[in-house]
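Structural characterization, general
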Amino acid sequence: MPIHVAVAVIEDCDGRVLLTRRPDHVHQGGLWEFPGGKLDPGESVEQALRREIHEELGIDLEGHRPLIRVRHDYGDKAVLLDSHRVTRWSGTPEGREGQPLLWAEKGDLAAYPMPAADRPIINALTLPDRYLIASGETLQDVAQFRRRLEPALIAGVRLVQLRPERQMPLGPLLDAALGLCAKYGADLLLSSRMVSCLPKAVEAGLHLTSRDLMALKSAPDVCGYLAASCHNREELAQAERIGADFALLSPVLPTPSHPEIPAMGWDAFAERVGEVSIPVYALGGVGHLPPEVAWNHGAQGVAGIRGLW
């Protein structure tokens, strides 16, 4: 059985993240990590979070929400990290056990030597909680597309997939998407079904269809994020195997666009997401829901074609 660990991802008012350094003599010693510790027998994750950050840092937990669960086998030890994003606390963090502390900028986290199990937490921490998929009739008119995308970006959407039909003219559409995403600091991903029609110099991420995902043996070179559409355990496992930054899992709830496809429901979604250690967005009838619903079932957030416009 893996060692079950509660992990606290603590941010200050400037968006910096608290790291602590492991003692040199313990497993993964000398590396920086997110604070936390293993659950005592009969203890819940929330109880362990409260106890650990009080014992280690001298602060009291006042608000938190699930971030990501990570399973990792080091060979000599297997762990299950239950990481939570701490949104409110009281007190001033200090190394009560003599451990060094530092506040790191989110963009610098990957530069710190950290245990391998902590690495997926960095990705989950930096990804937004909404993923807008621009698809269908919205893309038939570039001016209309701009009029619909810009308000979504103003409202806070920071992750966008461009998924046009194959027969659509791509040049003006792509220029509009790249320009607006750059203006508002959003990340743009292109569907793999359109990439063959585009110049290789386009600075955007890649979103793999499930068919393209399953045809791969390794990850392609990508300028930005690498993502994948998944509908079952096998596809999720493949997305994790090739090193995708995140995945979509659908359909969670019934959708008007695909009424013939059975929805898996939130319980099955949570079970399948719990088997991988990459961020997973919920898709299918959930775009209108608050992210809290998705977080409580193990998701990074919600993705939507209609619900996020």
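Overview of the structure. (Residues numbered from 1 in each chain as written. Predicted model: local features only at pLDDT ≥ 70, side-chain atom pairs only at ≥ 80, totals over all residues. Heavy atoms only, no water.)

Digging into unusual backbone geometry
Omega for the peptide link from Ser250 to Pro251 comes to -10 degrees, which places this bond in the cis form. Even without glycine at this site, Gln28 takes up a positive phi of about 60 degrees. Of note, Gln28 is situated in the loop between strand E2 (17-21) and strand E3 (32-33). (Helix = DSSP H or I, 4+ residues; strand = E, 2+ residues; numbered from the N terminus.)

Looking at helix H1 (residues 45-57)
With 13 residues, H1 should cover 18 Å at 1.5 Å per step; its first-to-last C-alpha distance of 17 Å lies within 8% of that length. Looking at the buried residues of H1, the elements they touch are strand E1 (3-10), E2, strand E4 (36-38), strand E5 (60-73), strand E6 (78-90) and strand E7 (101-104). Positive phi shows up at Gly58, right after H1, with a value of about 75 degrees. (Expected span 1.5 Å × (residues − 1). Contact = heavy atoms within 4.5 Å.)

A closer look at the sheet that holds E7
Pairing is antiparallel in the open sheet, where 3 strands are placed in the order E3-E2-E7. Every other strand in the sheet has two partners, leaving E3 and E7 as the edge strands with one partner each. With 4 bridges joining them, E2 and E7 adopt antiparallel strand pairing. Its bridge partner being in E7, Thr20 is matched across the sheet by Leu101. (Pairing = 2+ DSSP bridges.)

Observations regarding the pattern of salt bridges
Scanning the model with the defined rule gives 16 salt bridges in all. With a shortest N-O distance of 3.0 Å, Arg22 and Glu33 are connected by a salt bridge. A residue pair is termed long-range when its members are at least 10 positions apart, and Arg22 in the loop between E2 and E3 and Glu33 in strand E3 qualify at 11 residues. A residue is classified by how much of its surface remains accessible, and Glu33, at 15% relative accessible area, is buried. Residue Asp40 is joined to Arg51 by a salt bridge in which the shortest nitrogen-to-oxygen separation is 3.5 Å. Remark: Arg51 occurs in helix H1 and Asp40 occurs in the loop between E4 and H1; sequence separation between them is 11 residues. On the basis of relative accessible area, Asp40 is assigned to the partly exposed category, the value being 37%. Arg51 sits in the buried class, given a relative accessible area of 18%. (Salt bridge = Lys/Arg side-chain N within 4 Å of Asp/Glu carboxyl O. Buried < 20%, exposed > 50% of the residue type's maximum accessible area, 1.4 Å probe, protein only.)

Read these as spatial facts, not as claims about activity.
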